[in-house]
Amino acid sequence: MSRIVAGRFDRSLDADAALEALKRDGFTRDEVDNFYVGPPGQHARTPIGGDAYSDAGSRGAGRSGAIGAVAGLAVGLIIGSLIGMHAVLLACGLGALAGAFGGIMVGLHGGLRHEATSQYPVEPAGGRMIAVCVDRPGMERLAVEALRANNARDVGRTEGEWRAGWRDFDPRNPLAAV
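Here the structure is a predicted model, which means the values were calculated and not measured.

Each value, and the rule that gives it
- Residues numbered from 1 in each chain as written.
- Predicted model: local features only at pLDDT ≥ 70, side-chain atom pairs only at ≥ 80, totals over all residues.
- Heavy atoms only, no water.
- Pairing = 2+ DSSP bridges.
- Helix = DSSP H or I, 4+ residues; strand = E, 2+ residues; numbered from the N terminus.
- Contact = heavy atoms within 4.5 Å.
- Axes fitted to C-alpha atoms, helices over the stretch in contact; angles between N-to-C directions.
- Buried < 20%, exposed > 50% of the residue type's maximum accessible area, 1.4 Å probe, protein only.
- Parallel < 35°, antiparallel > 145°, perpendicular 65-115°, else oblique.
- Left-handed = near helix turned anticlockwise from the far one by under 90°.
- Expected span 1.5 Å × (residues − 1).
- Arc of directions from axis to C-beta.
- pLDDT = per-residue confidence, 0-100.

1. Section: the sheet that holds strand 2 (residues 32-37)
Next up, step 1: Spatially, 2-3-1-4-5 is the arrangement adopted by the 5 strands of the open sheet, whose pairing is antiparallel. Of all strands in the sheet, those bounded by a partner on one side alone are strand 2 and strand 5 (176-177).
Next up, step 2: Inspection of the sheet shows strand 4 (residues 153-160) paired to strand 5 by 2 bridges, in the antiparallel sense. Residue Arg157 lies in a different strand from strand 5, and its bridge partner there is Ala176.
Next up, step 3: Those strands touched by helix 1 (residues 12-24) are strand 1 (2-9), strand 2 and strand 3 (127-133), and its axis lies near 10° from that of strand 3.

2. A look at the environment of Phe169
Next up, step 1: Structurally, the position occupied by Phe169 is in the loop between strand 4 and strand 5.
Next up, step 2: Classification of Phe169 by relative accessible area gives partly exposed; the value is 22%.
Next up, step 3: Spatially, the C-alpha atoms of Phe169 and Ala131 are 9.7 Å apart, while their sequence positions differ by 38 residues.

3. Considering the packing of helix 1 against helix 4 (residues 139-149)
Next up, step 1: For the pair helix 1 and helix 4, interaxial distance at closest approach is 8 Å and the crossing angle is 150°. The orientation of helix 1 relative to helix 4 falls into the category roughly antiparallel. Judged by the sense of rotation from one axis to the other, the crossing of helix 1 with helix 4 is right-handed. Within the contact between the two elements, helix 1 uses Ala18, Ala21 and Leu22 and helix 4 uses Ala143, Ala146 and Leu147.

4. Some points on the pairing of strand 4
Next up, step 1: Bridge count between strand 1 and strand 4: 6 bridges; the pairing is antiparallel. Looking at strand 4, one finds that Ser2 is bridged to Gly160.

5. Quick look at the environment of Asp30
Next up, step 1: Structurally, Asp30 can be placed in the loop between helix 1 and strand 2.
Next up, step 2: Residues Asp30 and Ala164 lie 134 residues apart in sequence; the distance between their C-alpha atoms is 4.5 Å.
Next up, step 3: The contacts of Asp30, once residues within four sequence positions are left out, are Trp162, Ala164 and Gly165.

6. Description of helix 2 (residues 61-83)
Next up, step 1: With 23 residues, helix 2 should cover 33 Å at 1.5 Å per step; its first-to-last C-alpha distance of 32 Å lies within 8% of that length.
Next up, step 2: Within helix 2, burial applies to Ala61, Gly65, Gly68, Gly72, Gly76 and Gly80.
Next up, step 3: Residues of helix 2 that are buried in the fold lie against helix 3 (88-107).
Next up, step 4: One or two positions beyond helix 2, positive phi appears at Gly84, with a value near 155°.

7. With respect to helix 3
Next up, step 1: Taking 1.5 Å of rise per residue, the 20 residues of helix 3 would be expected to cover 28 Å, and the 28 Å separating its terminal C-alpha atoms lies within 8% of that figure.
Next up, step 2: Within helix 3, burial applies to Val88, Ala91, Cys92, Gly95, Gly99, Gly103 and Gly107. Projected onto a plane normal to the axis of helix 3, the buried residues spread over an arc of 115° and lie on a single side. Structural note: helix 3 exposes Leu90, Leu94, Leu97, Ala98 and Phe101 on the side pointing more than 90 degrees away from its buried face.

8. Here's the deal with the confidence of the model for the protein
Residues shown with low pLDDT carry predicted positions that ought not to be read at fine detail.
Next up, step 1: On average, residues of the protein score 84 in pLDDT, and 81% of them reach the 70 mark or higher.
Next up, step 2: Confidence scores differ between elements of the protein, with strand 5 showing the lowest mean pLDDT of 82 and helix 1 the highest of 93.

Set out below in structure tokens:
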């Protein structure tokens, strides 16, 4: 396993500048990998598409939806009985639908890092990624400085299989902070 430092770039101009800085710092072509990472959820890791069946931000939304449906059903029953007996079923159905929708929307949120598990991941953002093999002594500091000096986001380190590029990269796994 090789030690790897990587950073994500929002702008190609910054990524190109980082590649030049790494070249000036003595990194060879075989020690630097440059590739694009798609936005979260667009890596087609499941049979129906997407990366996971659900994420950390949707955990608990089903329970909130069920509670909202019951509350909406009760409100629909009350309103339907006030309007008239013929409207009770329609009001109950619409109330349950609106309550379920509202409950689910309340239950959804952006996933947080501490909520992430392998079943409910929180994926890093997409963008152009530069990965650098830093197995040679003293090269990790140079790689981190070159990436940060050129506006890299989410600079981190990991270990992986390196053969003229990062071979076992998984976009769903966040890097350890540097």
